[in-house]
Amino acid sequence: MRSLFVMDPLERIVVGGDSTYVTMRELTDRGFDVFMCTPDALFGHNGQAFAQAVPVKTTADAPYFSVGDARVVGLHDVDVVWMRKDPPFDMTYIFTTYLLDMAPPSTLVVNDPQGLKRFNEKMWVQQRWPSFQPETLIANGIDRLRDFVTGRDAPTVLKPWDGNGGRGVLVTHAGDRNLRSMIEVLTNEGRDYVIAQAFLPEVEHGDKRILLFDGEPVGAMMRIPIAADHRANMHVGGRVEATELTPRDREICEALAPMLKQHGQIFVGIDVIGQYLTEINVTSPTGIREINRLSDRRLEADLVDVVMAKVEARRAS
């Protein structure tokens, strides 16, 4: 099985917590050919997509990546393209998905680029499963957002619709004298949309990341915020703990599974706080290494098995 990873530069990979690294290593250990390129190395010619890519062998020890000479690789010449470029989900990212759309049916793209374009990580829940979310307003009107916050007795979360990693997430309340200024900054004076959502006090006990492979939950971890920050994201200091799926978690996963399968979203991470689903992460989700350490698992092997089965099914058809 030949794989091409479209990803950030290798020198930016933090191997201790990177799901892409450990997946590449699993493929190398199985003796498979692995190539990588950055998104700007993709190009199209006469209806076919290509990449100026380098072969990579990934090891458990430093320097972790052994890179060969660059060459042109056609997307039709590999079995799997792994779209692992980290957010932001901007126009450059979207244009990359247009090029990935040119991959032939014989090549599996993980995750399917049409699904990546169609389903925003924060908006998809509101579009399809609003009952899984707390009270939510999506707006760019300064007065409308202010009225939503001041009309509630409890705190409210404000966050940009296109944010990632906890960037721009703020907690406010009706008596906050900074409220209007906060909204003006987040909306860029009313030009950009913001998500206003009921604050979930359960976040103090953790934000649960659940990984799903082809719609099936395979592992979970609890991300616990530090006392000085409401956000549980690991890069802002949150710590991780082992956890189990609750009946509510399984209900959410079962509801999502058919849509994930239908739209080719094979590697997905969802975020759950208490009883509520807050995000569906389809653009380069992470968490494999942390769950492995907490649960003595090798989820990268399970992921490769899932992908290999899909590749074999395409070959058979």
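Residues numbered from 1 in each chain as written. Predicted model: local features only at pLDDT ≥ 70, side-chain atom pairs only at ≥ 80, totals over all residues. Heavy atoms only, no water.

Q: Give me the overall build of the protein: which residues, what numbers.
A: Summing up its helical and strand segments, the protein has 9 helices and 17 strands in all. The C-alpha atoms of the protein give a radius of gyration of 20 Å, which matches the 20 Å a tight globule of 317 residues would have. Dimensions of the protein, computed from the C-alpha atoms along their principal axes, are close to 60 × 45 × 40 Å. The buried share among the 317 residues of the protein stands at 53%. A sequence separation of at least 24 residues applies to 66% of the contacts in the protein between residues at least 6 apart. For the protein, the exposed area adds up to about 14500 Å²; of that, 49% sits on carbon and sulfur atoms. Across the protein, 35 positive and 44 negative side-chain charges occur, with their mean positions spaced 1 Å apart. (Helix = DSSP H or I, 4+ residues; strand = E, 2+ residues; numbered from the N terminus. Rg over C-alpha atoms; globule rule 2.2 N^0.38 Å. Buried < 20%, exposed > 50% of the residue type's maximum accessible area, 1.4 Å probe, protein only. Contact = heavy atoms within 4.5 Å. Areas by Shrake-Rupley, 256 points an atom, 1.4 Å probe, with all protein chains shown as cover. Lys, Arg positive; Asp, Glu negative; His and termini not counted. Charge placed at Lys NZ, Arg CZ, Asp CG, Glu CD.)

Q: Describe in detail the packing of aromatic side chains, supporting the description with residues and values.
A: Considering all chains together, one arrives at 9 aromatic pairs under this definition. A ring pair is formed by Trp124 and Trp129, whose centres lie 5.5 Å apart and whose planes are at 55 degrees; its orientation type is tilted. (Phe/Tyr/Trp six-rings, centres within 6.5 Å; stacked < 30°, edge-to-face > 60°.)

Q: How would you explain the pairing of strand 2 (residues 33-37) if you had to name every residue and give the values?
A: A regular strand carries its side chains on alternate faces of the sheet. With 4 of 5 residues buried, strand 2 lies mostly within the body of the structure. Taken together, the 5 bridges between strand 1 (residues 2-7) and strand 2 define a ladder with parallel strand orientation. Looking at strand 2, one finds that Ser3 is bridged to Val34. Crossover strand 1 to strand 2 through helix 1 (residues 19-29) is right-handed. (Pairing = 2+ DSSP bridges. Right-handed = clockwise from strand over helix to strand, strands pointing away.)

Q: So what's going on with helix 2 (residues 91-100)? Residues and values would help.
A: Tyr93, Ile94, Thr96, Thr97, Leu99 and Leu100 are the residues of helix 2 that are buried. Considering only its buried residues, helix 2 is in contact with strand 1, strand 3 (42-45), strand 4 (48-58), strand 7 (80-84), strand 8 (108-110) and helix 3 (113-118).

Q: Kindly report on the side chain of Arg84, identifying the contributing residues and their values.
A: Counting through the fold element by element, Arg84 comes out in strand 7. Within the buried core, Arg84 has no salt-bridge partner, and the shortest N-O distance to an opposite charge, that of Asp18, equals 5.7 Å. Every residue in contact with Arg84, bar those within four places of it in the chain, is listed here: Phe5, Val6, Met7, Ser19, Thr20, Phe267, Ser284 and Pro285. (Salt bridge = Lys/Arg side-chain N within 4 Å of Asp/Glu carboxyl O.)

Q: Just give me the short version of the sheet that holds strand 10 (residues 156-160), but keep the residues and values in it.
A: Spatially, 4 strands are ordered 9-12-10-11 in an open sheet, and the strand pairing comes out antiparallel. Because the sheet does not close on itself, it has two edges, and the strands there are strand 9 (136-139) and strand 11 (170-172). The sheet shows a mean angle of 25 degrees between the axes of neighbouring strands, taken without regard to direction. Note that strand 10 and strand 12 (residues 194-198) share 5 bridges and pair antiparallel. Within strand 12, the residue paired with Val157 across the bridge is Gln197. Of the strands in this sheet, strand 9, strand 10, strand 11 and strand 12 touch helix 5 (residues 142-150), which is tilted by about 165 degrees from strand 9. (Axes fitted to C-alpha atoms, helices over the stretch in contact; angles between N-to-C directions.)

Q: For the environment of Val14, give the residues involved together with the corresponding values.
A: Relative to the assigned elements, Val14 resides in the loop between strand 1 and helix 1. Taking relative accessible area as the criterion, Val14 reaches 60% and is therefore assigned exposed. Distance in space between the C-alpha atoms of Val14 and Gln133 is 32 Å, their sequence separation being 119 residues.

Q: Help me get a handle on the nonpolar core, residues and values and all.
A: Leu4, Leu256, Ile270, Leu277 and Ile280 are the most contacted members of the largest nonpolar core, which has 39 residues in total. Ranked by residues supplied to this core, first place goes to helix 7 (residues 247-262) with 5 residues. Residues contacting Leu256, with those up to four places away along its chain left out, are Trp129, Phe132, Ile270, Leu277 and Ile280. In terms of nonpolar packing, the next biggest core, distinct from the first, is built from 33 residues, Val34, Met221, Leu303 and Val304 among them. (Core = buried A, V, L, I, M, F, W, Y, C linked by side-chain atoms within 4.5 Å.)

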